[in-house]
Amino acid sequence: MRASNRYLLTSAAMLAAAAINSVTFATSSQGAASTVWDGVYTDAQAKRGEEVAKTMCVTCHGDELAGSDLAPALQGSDFNGVWSGRTAGELYEKINTTMPADRVGSLKPPQSADLVAYIFKLNAF
């Protein structure tokens, strides 16, 4: 890969991560920090994330990402226990840099962001 292409790819990934992170730290009209409970994704994002999950994630994480012998659940109390207090940016970064385990780096930054939205929807955020 040429240096200029690597630079553009790295820049795009950083911008996507920054966009997700900025949602986590954005302030509402009352001045309080926004959280996942304030609605940080759209239904369209979650739907796209569901389609990505069906093709890239269910093999390891199971249907509706409920977990399997191969990978942990990305919904429910186990997921919430692990990710409580962490940012959307951290979840995005985990997905974007380590998933899918058998094809690390094959997800494009927008796909990783859509997966975050789908995971939030599964967890009723």
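Parameters and conventions
Residues numbered from 1 in each chain as written. Predicted model: local features only at pLDDT ≥ 70, side-chain atom pairs only at ≥ 80, totals over all residues. Heavy atoms only, no water. Phe/Tyr/Trp six-rings, centres within 6.5 Å; stacked < 30°, edge-to-face > 60°. Helix = DSSP H or I, 4+ residues; strand = E, 2+ residues; numbered from the N terminus. Buried < 20%, exposed > 50% of the residue type's maximum accessible area, 1.4 Å probe, protein only. Contact = heavy atoms within 4.5 Å.

## Focus on the packing of aromatic side chains
To describe a pair of aromatic rings, you give the distance between the ring centres and the angle between the ring planes.
Right, so step 1: Enumeration according to the criterion identifies three aromatic pairs in this entry.
Right, so step 2: Aromatic side chains Tyr-41 and Phe-120 sit 6.3 Å apart centroid to centroid with 50° between the ring planes, which places their arrangement in the tilted category. Here the residue Tyr-41 occupies a position in the loop between helix 1 (3-25) and helix 2 (43-56), and Phe-120 occupies one in helix 6 (residues 109-122), the gap between them amounting to 79 residues. Neither residue differs from the other here; Tyr-41 and Phe-120 are each classed as buried.
Right, so step 3: With 6.3 Å between their ring centres and 25° between their planes, Phe-79 and Trp-83 make a pair best called stacked. One end of the pair, Phe-79, and the other, Trp-83, are both in helix 4 (residues 76-83), four residues apart, so they sit about a helical turn from each other. Of the two residues, Phe-79 and Trp-83, both sit in the buried class.
Right, so step 4: Taken together, the aromatic side chains of Tyr-41, Phe-120 and Phe-125 make up a single cluster linked through ring pairs.

## Thoughts on the side chain of His-61
Right, so step 1: Examined against the element boundaries, His-61 turns out to sit in helix 3 (residues 58-61).
Right, so step 2: Setting aside anything within four residues of it in sequence, one finds His-61 in contact with Ala-66, Gly-67, Ser-68, Ala-71, Pro-72, Leu-74 and Met-99.

## Focus on unusual backbone geometry
Right, so step 1: The omega angle of the peptide bond from Met-99 to Pro-100 is -15°, so this bond is cis rather than trans.
Right, so step 2: Tracing the backbone shows Pro-100 in the loop between helix 5 (88-98) and helix 6.
Right, so step 3: Of note in this structure, Glu-64 is not a glycine but carries a positive phi near 50°.
Right, so step 4: Judged by its relative accessible area of 54%, Glu-64 is exposed.
Right, so step 5: Positioned with a positive phi, Ala-124 is a non-glycine residue whose angle comes to about 60°.
Right, so step 6: Structurally, the position occupied by Ala-124 is in the segment after helix 6.
Right, so step 7: Assessed through its relative accessible area of 59%, Ala-124 is described here as exposed.

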